[in-house]
Amino acid sequence: AHPRSRRSTKAAQQLRSSCCFTSSAASHPCVTSNPQPPPHSSIASTSTTGRGAMDLMDAPVEDGAMPSPADMGVGLDQEKMAAFDAAVNKRRDDEAALVTKNQAEAKTALAQLETERQTTFQGRMQANREKEQVKMEQMAADNESPNPWERVVSLVDLQADAVAAAGDTSRMRQVFIQMKNSAKASA
């Protein structure tokens, strides 16, 4: 066997001999009228009465079955479990009812939004058709004119707002001047 495992086994035997792991506390060397701390104790013993304090590792341990949590008064009884389950079920039902209510409200809101959208769409479509009809009647009346220049003038927008909205024309002006000067130079 490995020497280290022998040492650890020997240390365990010394620990068992110096500390009680059985239910016979009277035969334990730690339980005396003047207890001494064991050599493996890491807690310094200080006491006002002059007796040494016992380390937690040196406390006697009784053999026997562990008491159940219900015997110790720790566990939940059937009445508490039933009340908890009822509360959980009630909360689940309330959440399901709220989800159903919210879904119904959302469906009605979506339906209302769709009807408003359709109404707006139909209104715009009707207004566009009316404008188009008026424009087509106006174009047909202009085409009946015997003077061809009246038809040309009707196709051109002569309002000042259209010229102002056209933007900067300085580049076009420069190109016209260059073309004019190049024509004079070549002639």
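**Description of the overall build of the chain**
Per the secondary structure count, the chain includes 6 helices and 0 strands. Moving toward the C terminus, one meets the helices and strands of the chain in the order α-α-α-α-α-α. Across the 187 residues of the chain, 5% fall into the buried class. Sequence separation of at least 24 residues holds for 33% of the intrachain contacts in the chain that already meet a minimum separation of 6. When the accessible area of the chain is evaluated, it comes to approximately 16600 Å², of which 58% is carbon and sulfur surface.

**Structural notes on the layout of surface pockets**
It is the rolling of a water-molecule-sized probe over the atoms that shows where space remains empty. Estimates place the volume of the largest pocket at around 170 Å³. Forming the boundary of the largest pocket are Lys135, Gln138, Met139, Asp142, Asn143, Arg151, Ser154 and Leu155. Looking at the lining of the largest pocket, the elements that each hand over two or more residues are helix H3 (78-143) and helix H4 (148-155). Ranked by the residues each element gives to the lining of the largest pocket, the list is headed by H3, at 5 residues. Grouping the amino acids of the lining of the largest pocket by side-chain chemistry returns 2 nonpolar, 3 polar and 3 charged.

**Remarks on a nonpolar patch on the surface**
On the surface, a cluster of nonpolar side chains totalling about 670 Å² of accessible area is made up of Trp149, Val152, Val153, Leu155, Val156 and Leu158. If you trace the backbone, valine 156 turns up in the loop between H4 and helix H5 (160-165).

**Digging into the pattern of salt bridges**
Applying the stated criterion across every chain, the model contains 2 salt bridges. For the salt bridge of lysine 90 with aspartate 94, the shortest nitrogen-to-oxygen distance reads 3.1 Å. In this pair, lysine 90 and aspartate 94 are both assigned in helix H3, 4 residues apart and thus about one turn of the helix distant. According to the relative accessible area criterion, aspartate 94 is partly exposed, its value standing at 43%. Here arginine 117 ties to glutamate 114 by a salt bridge, and the two come within 3.0 Å at their closest N and O atoms. In this pair, arginine 117 and glutamate 114 are both assigned in helix H3, 3 residues apart and thus about one turn of the helix distant.

**Re the confidence of the model for the chain**
Of the residues in the chain, 55% reach a pLDDT of 70 or more, and the chain-wide mean stands at 75. Helix H1 (residues 3-18) is the least confidently modelled element of the chain, averaging 59 in pLDDT, while H3 averages 94, the highest of any element. Scored below 50 in pLDDT, residues 22-26 shows 5 contacts in the model against residues more than four places distant or in partner chains.

Calculation rules
Residues numbered from 1 in each chain as written. Predicted model: local features only at pLDDT ≥ 70, side-chain atom pairs only at ≥ 80, totals over all residues. Heavy atoms only, no water. Helix = DSSP H or I, 4+ residues; strand = E, 2+ residues; numbered from the N terminus. Buried < 20%, exposed > 50% of the residue type's maximum accessible area, 1.4 Å probe, protein only. Contact = heavy atoms within 4.5 Å. Areas by Shrake-Rupley, 256 points an atom, 1.4 Å probe, with all protein chains shown as cover. 1 Å grid on protein atoms, 1.4 Å probe; cavity = no way out; pocket = protein on both sides within 12 Å on 5 of 7 lines; lining within 4 Å. Points joined across faces, edges and corners; volume = space filled by probe spheres on them. Nonpolar A, V, L, I, M, F, W, Y, C, P; charged D, E, K, R; others polar. Patch = residues over 30% accessible without salt bridge, like charges linked within 9 Å, V, L, I, M, F, W, Y side chains within 5 Å. Salt bridge = Lys/Arg side-chain N within 4 Å of Asp/Glu carboxyl O. pLDDT = per-residue confidence, 0-100.

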